[in-house]
Amino acid sequence: MAAVMADVRKGMRVLDAGGAEQGVVDAVEGERIKIAARGVSGGGERWLPFSAVERVDDAVHIDRAASGAGGRGLPPLRNPAVAGSRPRGNYYLPWVIGAAVLALLVIAAVAWRARDHEVAATGVALPNGRTVAVAPGSLNDDVQRFLASTEPAPRTFSFDTLDLDRGKTEIPSRAEPGLATLAQILAAYPDARVEVVGYGDPRKDPKDRPDPTLGQRRAAAIAGALVARGVPTDAIEPISGDDPAYIAATPPPSGDAGNRHADLVVTRK
């Protein structure tokens, strides 16, 4: 043992019974050696008796009992390799599984919202026996409720989904379903009379008045679309909201009329 201990030098690696590095020899004193984690001094140090050393070659090997040291041993710097094992090749598997689960949750959330929307847009019975689906809080819902109520006319409603392109009068395809439903609602109330009020585009200079002819053409396009879907011609009148005579005879609408391309005014029920 004396010959073995003579080979122990400061800085040598200390390996446990499994071959994992426990640290390095920090000092040799009497019948014991001090082991410290590599690059660490102070609280991470511990002393082992020479009797715990099994052999010394290029490293100091300690026996199994000293490797545990009552739970006070230094943690190994790396796990020993297992003979015959193959390198792990599924590092990305947890991420793939997590992404798949997240995608399923997103799909389920979208489907749930779509189902709720369908439930929210359930059919509303009209006086002529027909049924239409309207979304709560939409223009069609508000108009139908007003026509079915005892609230007196007139009342103005703003088209919420009819956003015309700048300088254009063509009705975008995305607004067609809403107009079709509105036509069914208006046609179900034969005594109702409405005005479609169109507006021009806002000017860069607020002092400049929008072109009243653009508002008139927009109103005519919307009124024509409603007539084509069943609203009687004499029940609807297109008006330019930028016409000076209309402005003089009508209370100012809330907001900037130039930023709203159309209003629906129920003048009679």
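Everything quoted here is computed from the prediction, not taken from an experiment.

The rules behind these values
Residues numbered from 1 in each chain as written. Predicted model: local features only at pLDDT ≥ 70, side-chain atom pairs only at ≥ 80, totals over all residues. Heavy atoms only, no water. Axes fitted to C-alpha atoms, helices over the stretch in contact; angles between N-to-C directions. Helix = DSSP H or I, 4+ residues; strand = E, 2+ residues; numbered from the N terminus. Parallel < 35°, antiparallel > 145°, perpendicular 65-115°, else oblique. Contact = heavy atoms within 4.5 Å. Nonpolar A, V, L, I, M, F, W, Y, C, P; charged D, E, K, R; others polar. pLDDT = per-residue confidence, 0-100. Expected span 1.5 Å × (residues − 1). Patch = residues over 30% accessible without salt bridge, like charges linked within 9 Å, V, L, I, M, F, W, Y side chains within 5 Å. Areas by Shrake-Rupley, 256 points an atom, 1.4 Å probe, with all protein chains shown as cover. Salt bridge = Lys/Arg side-chain N within 4 Å of Asp/Glu carboxyl O. Buried < 20%, exposed > 50% of the residue type's maximum accessible area, 1.4 Å probe, protein only. Pairing = 2+ DSSP bridges. Phe/Tyr/Trp six-rings, centres within 6.5 Å; stacked < 30°, edge-to-face > 60°. Lys NZ or Arg CZ within 6 Å of the ring centre and 35° of its normal.

Two packed helices can be described by the angle between their axes and the distance between those axes. The interhelical angle for the contact between helix α4 (residues 139-148) and helix α5 (residues 176-187), taken along N-to-C directions, is 5°, at an axis separation of 10 Å. In terms of orientation, α4 lies roughly parallel with respect to α5. On the side of α4, the interface is formed by Leu139, Asn140, Val143, Gln144 and Leu147, while α5 contributes Gly178, Thr181, Leu182, Ile185 and Leu186. Here the residues of the contact of α4 with α5 are counted per class, giving six nonpolar, four polar and no charged.

Residue-level pLDDT values for the protein average 80, and 75% of them are 70 or greater. Low pLDDT, under 50, characterises residues 69-78; the stretch is placed with 18 contacts to residues that sit more than four places away or in other chains. Predicted confidence for residues 254-258 stays below pLDDT 50, and this span has five contacts to residues more than four positions away or in other chains.

Here α5 contains twelve residues, and its C-alpha end-to-end distance of 16 Å stays within 8% of the 16 Å for a straight helix at 1.5 Å per residue. Looking at the packing, one finds that the buried side of α5 touches β8 (131-133), α4, β10 (193-198), α6 (212-228) and β12 (262-268).

Further remarks concern a nonpolar patch on the surface. Nonpolar side chains collect at one region of the surface, where Leu93, Val96, Ile97, Val101, Leu102, Leu105 and Val106 lie side by side and expose about 640 Å² of accessible area between them. Along the chain, Val96 falls in helix α3 (residues 93-120). Classification of Val96 by relative accessible area gives exposed; the value is 53%.

Our focus in this paragraph is the sheet that holds strand β9 (residues 155-158). The four strands lie next to each other as β9-β12-β10-β11, forming an open sheet whose pairing is mixed. Only two strands of the sheet have a single partner each, and these edge strands are β9 and β11 (236-240). Averaged over neighbouring strand pairs, the angle between their axes works out to 25° when direction is ignored. Bridge count for β10 against β11 is five bridges, and the pairing is parallel.

Here α4 lies mainly inside the structure; seven of its ten residues are buried. Of the positions making up α4, those classed as buried are Leu139, Asn140, Asp141, Val143, Gln144, Phe146 and Leu147. Structurally, α4 contributes buried residues whose contacts are with β7 (123-125), β9, α5 and β12.

By the definition in use, this model includes one aromatic pair. A cation over a ring is seen here: Arg32 above Trp47, with NZ or CZ 3.9 Å from the ring centre. Above the face of the Phe146 ring, Lys269 is positioned so that its terminal group lies 4.4 Å from the ring centre.

Let us now look at the environment of Phe146. Here Phe146 is to be found in helix α4. Given the relative accessible area of 2%, Phe146 is considered buried. With 123 residues separating them along the chain, Phe146 and Lys269 place their C-alpha atoms 9.0 Å apart. For Phe146, the residues in contact, after removing those within four places along its chain, are Glu151, Pro152, Ala153, Arg155, Phe157, Val266 and Lys269.

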